[in-house]
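What the coordinates show
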Amino acid sequence: MSRQFIVAGAQLGPIARDEPRASAVGRMCALMRQAKNRGAALVVFPELALTTFFPRWYMTDAAEIDRWFESQMPNADTAPLFDLARELRIGFHLGYAERTPEGQHFNTAIIVSDTGQIVGKYRKIHLPGHSQDEPWRPFQHLEKRYFEKGDLGFPVFDHRGGKLGMCICNDRRWPETWRVLGLGGAELVMLGYNTPLHYPPAPEHDHLQYFHNELSIQAGCYQNGLWAVAVAKAGMEEGSELIGGSVIVAPTGEVVARAATNGDELITAAVDLDRCQEIRRNIFNFALHREPQDYAPITAPKG
């Protein structure tokens, strides 16, 4: 299989609180058809792509919470996405809220092959926000209430002739995420995000949200010699403005594609996984230049 292919980032505009999953899936199918028309082999959808960003509301009823979660994948609502992938022979990445048979709740992403088979799964590790009701906020960010910390680590999967990894939203801000993926050999990292433009605990940083998004991704790519496709759920969603700025970034840290809107939009770029070696054989040659014996504080206990 060729290690050169076209990858697509399928940004989504707002999803309303009462918008059914079938509507979101229909929008994603339309973007998948666009991706196929552009020659893409793989399309990346955002974090929690099937629903509105529900952690912005404080809820106490278990049934009300569970309705935002998928207990199996695929299911009746998402089957059209899997069927279309098989029809078009195009793979995809999907973020969604997962409820396990044991009743655990995770913020999850999967890689699906062009035959409609799930070939990789990741559960979000760096959960932002808070767990208790904070009514002073204009909207809440209750990921720590509704999700458990991911329990799969940062796995890397053999797919499309290379090694693919995933992270989700806040994970991208942590250099450890990228380094562990890089050490695992990841050559392409896919990630979705729902990032509010307004950050209530530090509103003086609001104007930096787009900058910090790209800074984190570009640094992660350059310092680990890998590609990234970072895709937003964007726009004014239920009173909370989410940033767009979906990007595809090369192993040199250069942005090679960037979304221009805050709505449903497709960006594409030609990816050559062999370009990872431009970095990995030179300044970030891990085997030659890393000094892990001096990095112990990175894995020290919290606090």
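Before any of the text, the structure's been laid out above.
Here goes a summary of the coordinates provided. (Residues numbered from 1 in each chain as written. Predicted model: local features only at pLDDT ≥ 70, side-chain atom pairs only at ≥ 80, totals over all residues. Heavy atoms only, no water.)

1. Comments concerning the side chain of H130
Among the structural elements, H130 can be located in the loop between β5 (118–123) and α4 (143–146). A relative accessible area of 7% places H130 in the buried class. In terms of polar contacts, H130 uses its side chain to reach the backbone carbonyl oxygen of Q132, at 2.8 Å. In terms of polar contacts, H130 uses its side chain to reach the side chain of R137, at 3.2 Å. (Helix = DSSP H or I, 4+ residues; strand = E, 2+ residues; numbered from the N terminus. Buried < 20%, exposed > 50% of the residue type's maximum accessible area, 1.4 Å probe, protein only. Polar contact = N/O pair within 3.5 Å; in protein donor to acceptor, adjacent residues only side chain to side chain.)

2. Some words on the environment of D158
Mapped onto the elements, D158 comes out in strand β6 (residues 156–159). On a C-alpha basis, the gap between D158 and A186 in space is 9.1 Å, while along the polypeptide they are 28 residues apart. Within the structure, D158 has its side chain in polar contact with the side chain of K163 (distance 2.7 Å).

3. Some thoughts on the packing of helix α5 (residues 175–183) against helix α6 (residues 209–224)
Packed helix pairs are characterised by how far apart their axes lie and by the angle those axes make with each other. It is at 9 Å that the axes of α5 and α6 come closest, and there the two elements cross at 30 degrees. Between α5 and α6, the angle is such that the two are roughly parallel. Seen along the crossing, α5 lies across α6 with a hand that is right-handed. Note on element contacts: α6 touches α5 through S216, I217, G220, C221, Q223 and N224, opposite W178, R179 and G182. Of the residues contributing to the contact of α5 with α6, the split by class is three nonpolar, five polar and one charged. (Axes fitted to C-alpha atoms, helices over the stretch in contact; angles between N-to-C directions. Parallel < 35°, antiparallel > 145°, perpendicular 65-115°, else oblique. Left-handed = near helix turned anticlockwise from the far one by under 90°. Contact = heavy atoms within 4.5 Å. Nonpolar A, V, L, I, M, F, W, Y, C, P; charged D, E, K, R; others polar.)

4. A closer look at the side chain of D206
Examined against the element boundaries, D206 turns out to sit in the loop between β8 (188–193) and α6. This buried residue, D206, is left without a salt bridge; R173 holds the nearest opposite charge, at 10 Å. Engagement of the side chain of D206 in a polar contact is seen with the side chain of H198, the distance being 2.7 Å. Beyond its immediate sequence surroundings of up to four residues, D206 is in contact with L197, H198 and Y199. (Lys, Arg positive; Asp, Glu negative; His and termini not counted. Salt bridge = Lys/Arg side-chain N within 4 Å of Asp/Glu carboxyl O.)

5. Digging into α6
An ideal rise of 1.5 Å per residue puts 22 Å on 16 residues; α6 measures up with 23 Å between its terminal C-alpha atoms. Of all the residues in α6, the buried ones are Q209, N213, E214, S216, I217, G220, C221 and N224. Seen end-on, α6 carries its buried residues on one side only, within an arc spanning 155 degrees. In the segment just after α6, G225 is the residue with positive phi, at about 60 degrees. (Expected span 1.5 Å × (residues − 1). Arc of directions from axis to C-beta.)

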